Amino acid sequence: MKYNLVRGTKDVLPGESVKWQYLTRKASAVYSAFGYSEIKTPVFEVTELFTRGIGETSDIVTKEMYTFPDKKGRSITLRPEGTAGTVRAYIENNLNALPAPVKLFYIGPMFRYERPQAGRYREHWQMGVEAFGSDSPALDAEVISTALTLLKELGATGLKTNLNSIGCMSPDCRPRYIAALKDFLKSRSEKLCDTCKVRLEKNPLRILDCKVESCKSVFSEPGIPKILDHICPSCAAHFEKVIDYLKLAKADYSVNDKLVRGFDYYTKTVFEITCDKLGAQNGVLGGGRYNGLVEELGGQPTPAVGFSVGVERLLLALETMGIKLPADDSPDIYLVTLGEAALEKAFVLAGELRSAGIKTVMACEDKSMKTQMRLADALKAKTAVIIGDNELKDGVAVVKDMATGNQQKVALNELKRHFSKT
RNA sequence: GUGGCUGUAGCUCAGUUGGUUAGAGUGUCAGAUUGUGGAUCUGAAUGUCGCGGGUUCAAAUCCCGUCAGCCACCCCA
């Protein structure tokens, strides 16, 4: 019987995996430079964590979750995003006892039951950041520049950073805007597409980023209420400050008052970084502030901000930019042996070289010298170290530089030192 | 969940109006006089032609279903 991948999943093969290592290391380095510490939370959680956190009516919760009963009948869900689990861990482990803001980052797989498409998988990886315990707009700006710094360090160009504020839940803020928006849209409901007619009741903000032309035309009408004109003074002031700090950071961004995000927990600042060469799934990175979520999930009222980058999409985006990620997986040394005695000697020698951090590969079986040299070449080994009967007799090895073809003899007991220098 | 396109060796593909043992390039493995790679040459292995059914004397080729991939919608990383 032959088995295949489950739909929407992917093997990351050698060559590709080297790029992944590079990306995740880079992200860890940048995140920790900004003061974030890594947290690892389980890949699955109790379903309710997500339904409460992300929102009962959101698309992710209503149709995209991998939910199943475990053997005791508890409803378990593979995490569709990283924030809810991180918040749960923050509350459960009393991380609020740490000096604020508490800064955590995570790298791991997320699961969504969606129809696979370019840049969209049922299992995909995210590298995210969450900062708890501060409502300072400077922190929003810092979080955004954490994202921009990572992208810059990777050499990314031509990405767009969209920024918006969707206000808070106080009656004179987002609810007031939604009411005004509903009022306006009801008068033109005949122009809206069918899905938007439904959204008008369920989730009016979503109509803002509808791609249907007739809906878009409604939004260019002059009388349309703008969210940034309707949020409360405190949210408006916060947004102003975020922008001030972004300017200080010399960040490249644009305010887009139609930007809304798919999770219910966002408050105030939301942002998104897109790559327009990626096709329909162009969002590479997204995030925002979520001041109500910690309390919603049973913790003390705690303001927080964060974002997450999609690894697969980031990789695709970097590819369209023509950025070559380091993909060197080649050994420093390929040990070529002739005869059983040499193989035994090399077997021991390889261990010593490896313990010195020298990447060493050898054929663990008797193969012709030509074959071994071909292997050394195919693996792109930097040097071939050849040991046969003659060498064993003299206690030396022939060291051949694969690029130049130059050879020299090095005493066997000097080999480790010889390669440690370079 | 909806729609469109696609599905032949590990990879990239060819396969004529349905007709006998399905091909090429590339890669893999082995060899080209006995201890030296990247060039060239020789040879070898590998396909349930995505899967299942149907039409036909005959199907990789036509029809239906199914699965998967790609693209778009929806949504998002």
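If you're wondering where the values come from, they're calculated on a predicted model, not measured in any experiment.

Caption draft 1: A look at the overall build of chain A. Counting its regular elements, chain A contains 16 helices and 16 strands. On C-alpha atoms alone, chain A measures out to a radius of gyration of 28 Å, which is more than a quarter above the 22 Å that the 2.2 N^0.38 rule sets for 422 residues. The principal-axis extents of the C-alpha atoms in chain A amount to approximately 95 × 55 × 45 Å. Across the 422 residues of chain A, 48% fall into the buried class. Of all intrachain contacts in chain A linking residues separated by at least 6 positions in sequence, the fraction that spans at least 24 positions is 69%. Of the roughly 21,200 Å² that chain A leaves accessible, carbon and sulfur atoms contribute 52%. Distance from the positive charge centre (58 side chains) to the negative charge centre (52 side chains) of chain A: 2 Å.

Caption draft 2: Looking closely at the sheet that holds strand 14 (residues 383-387). Ordered by their spatial adjacency, 5 strands build an open sheet running 13-12-14-15-16, and the pairing between neighbours is mixed. Both edges of this open sheet fall to strand 13 (360-362) and strand 16 (407-411), since each of them pairs with a single strand only. Averaged over all pairs of adjacent strands, the angle between strand axes in this sheet comes to 30°, irrespective of strand direction. Lying on the sheet, helix 13 (residues 340-355) is in contact with strand 12 (333-337), strand 13 and strand 14; it crosses strand 13 at an angle near 160°. Helix 14 (residues 369-378) rests against strand 12, strand 14 and strand 15 (396-401) of the sheet, and its axis sits at about 175° to strand 12.

Caption draft 3: Broad picture of the protein's contact with RNA strand B. Near RNA strand B you find 47 residues, and of these R112, R199, R261, G262 and N390 are the closest. If you look at RNA strand B and keep only atoms within 4 Å of the protein, 51% of those are sugar or phosphate atoms. The contact in question runs from a sugar or linking oxygen of RNA strand B to an N or O atom on the backbone of V284, over 2.8 Å. Sorting the residues of the surface near RNA strand B by element identifies helix 3 (59-63), strand 6 (123-132), strand 10 (283-289), strand 11 (304-310), helix 14 and helix 15 (389-394) as the ones contributing at least two each. Among the elements that line the surface near RNA strand B, the one with the most residues is helix 14, at 6 residues.

Caption draft 4: Highlighting the packing of aromatic side chains. Taken as a whole, this structure holds 11 aromatic pairs when the rule is applied. When the ring of Y66 is compared with that of Y113, the centres are 5.4 Å apart and the planes differ by 75°; the resulting orientation is edge-to-face. On the criterion of sequence distance, the pair formed by Y66 in strand 3 (residues 66-69) and Y113 in the loop between strand 5 (102-111) and strand 6 is long-range, its members being 47 residues apart. Between F132 and Y290, the aromatic rings sit 6.4 Å apart at their centres with planes inclined by 80°, giving edge-to-face as the arrangement. Residue F132 is found in strand 6, and its partner Y290 is found in the loop between strand 10 and helix 11 (293-296); the two are separated by 158 residues along the sequence. Taken individually, F132 and Y290 each receive the classification buried, so the pair is uniform in this respect. Among the aromatic side chains, those forming a connected cluster through ring pairs are Y90, F132, F263, Y265, Y266 and Y290. A cation over an aromatic ring shows up here: R122 above the ring of Y113, its NZ or CZ 3.9 Å from the ring centre.

Caption draft 5: Expanded view of the environment of D377. Within the secondary structure layout, D377 lies in helix 14. Here the alpha-carbon distance between D377 and T195, two residues 182 residues apart in the chain, equals 59 Å.

Caption draft 6: How the structure looks around the pairing of strand 15. When strand 14 meets strand 15, the two strands line up antiparallel, connected through 4 bridges. If you follow I386 over to strand 15, its bridge partner there is V398. Sheet topology places strand 15 next to strand 16; 5 bridges connect them, and they run antiparallel. Within strand 16, the residue paired with V396 across the bridge is A411. Hairpin connection from strand 15 to strand 16: 5 residues lie between these consecutive antiparallel strands, with G405 at a positive phi of about 85°.

Caption draft 7: View of the pattern of salt bridges. Taken as a whole, this structure holds 23 salt bridges when the rule is applied. Residues E114 and R120 are paired through a salt bridge, measuring 3.7 Å at the closest nitrogen-oxygen approach. Its relative accessible area of 16% is what places E114 among the buried residues. In the salt-bridge network here, residues are joined through shared partners; they are D135, D140, K268 and R289.

Caption draft 8: Highlighting the sheet that holds strand 2 (residues 44-46). In spatial order, the strands read 2-4-3; together these 3 strands make up an open sheet with antiparallel pairing. Edge positions in the sheet fall to strand 2 and strand 3, since each has one partner strand and no second. Taking each pair of neighbouring strands and ignoring which way they run, the sheet shows an average axis angle of 30°. Relative to strand 2, helix 2 (residues 47-54) is tilted by about 80°, and along the sheet it contacts strand 2, strand 3 and strand 4 (75-78).

Caption draft 9: Structural context of the packing of helix 5 (residues 137-153) against helix 10 (residues 233-248). At a closest axis distance of 8 Å, the pairing of helix 5 and helix 10 adopts a crossing angle of 45°. Relative to helix 10, the element helix 5 lies oblique. Like other packed secondary-structure pairs, helix 5 and helix 10 cross with a definite hand, here right-handed. Contacts from P137, A138, D140, A141 and I144 in helix 5 reach H238, K241, V242, Y245 and L246 in helix 10. The residue inventory of the contact of helix 5 with helix 10, partitioned by class, reads 7 nonpolar, 1 polar and 2 charged.

Caption draft 10: Spatial organisation of the domain arrangement of chain A. For chain A, the assigned domains are domain 1 (14-173 + 231-320) and domain 2 (333-421). For domain 1 and domain 2, the distance between their C-alpha centroids amounts to 49 Å.

Caption draft 11: Structural context of the environment of E414. Along the chain, E414 turns up in the loop between strand 16 and helix 16 (415-421). Since its relative accessible area comes to 31%, E414 is described here as partly exposed. Placed 18 residues apart in sequence, E414 and V396 show a C-alpha to C-alpha distance of 8.7 Å.

The rules behind each value
Residues numbered from 1 in each chain as written. Chains lettered and ligands numbered in written order. Predicted model: local features only at pLDDT ≥ 70, side-chain atom pairs only at ≥ 80, totals over all residues. Heavy atoms only, no water. Helix = DSSP H or I, 4+ residues; strand = E, 2+ residues; numbered from the N terminus. Rg over C-alpha atoms; globule rule 2.2 N^0.38 Å. Buried < 20%, exposed > 50% of the residue type's maximum accessible area, 1.4 Å probe, protein only. Contact = heavy atoms within 4.5 Å. Areas by Shrake-Rupley, 256 points an atom, 1.4 Å probe, with all protein chains shown as cover. Lys, Arg positive; Asp, Glu negative; His and termini not counted. Charge placed at Lys NZ, Arg CZ, Asp CG, Glu CD. Pairing = 2+ DSSP bridges. Axes fitted to C-alpha atoms, helices over the stretch in contact; angles between N-to-C directions. Near = heavy atom within 4 Å. Polar contact = N/O pair within 3.5 Å; in protein donor to acceptor, adjacent residues only side chain to side chain. Phe/Tyr/Trp six-rings, centres within 6.5 Å; stacked < 30°, edge-to-face > 60°. Lys NZ or Arg CZ within 6 Å of the ring centre and 35° of its normal. Salt bridge = Lys/Arg side-chain N within 4 Å of Asp/Glu carboxyl O. Parallel < 35°, antiparallel > 145°, perpendicular 65-115°, else oblique. Left-handed = near helix turned anticlockwise from the far one by under 90°. Nonpolar A, V, L, I, M, F, W, Y, C, P; charged D, E, K, R; others polar. Domains from an automatic or database assignment.

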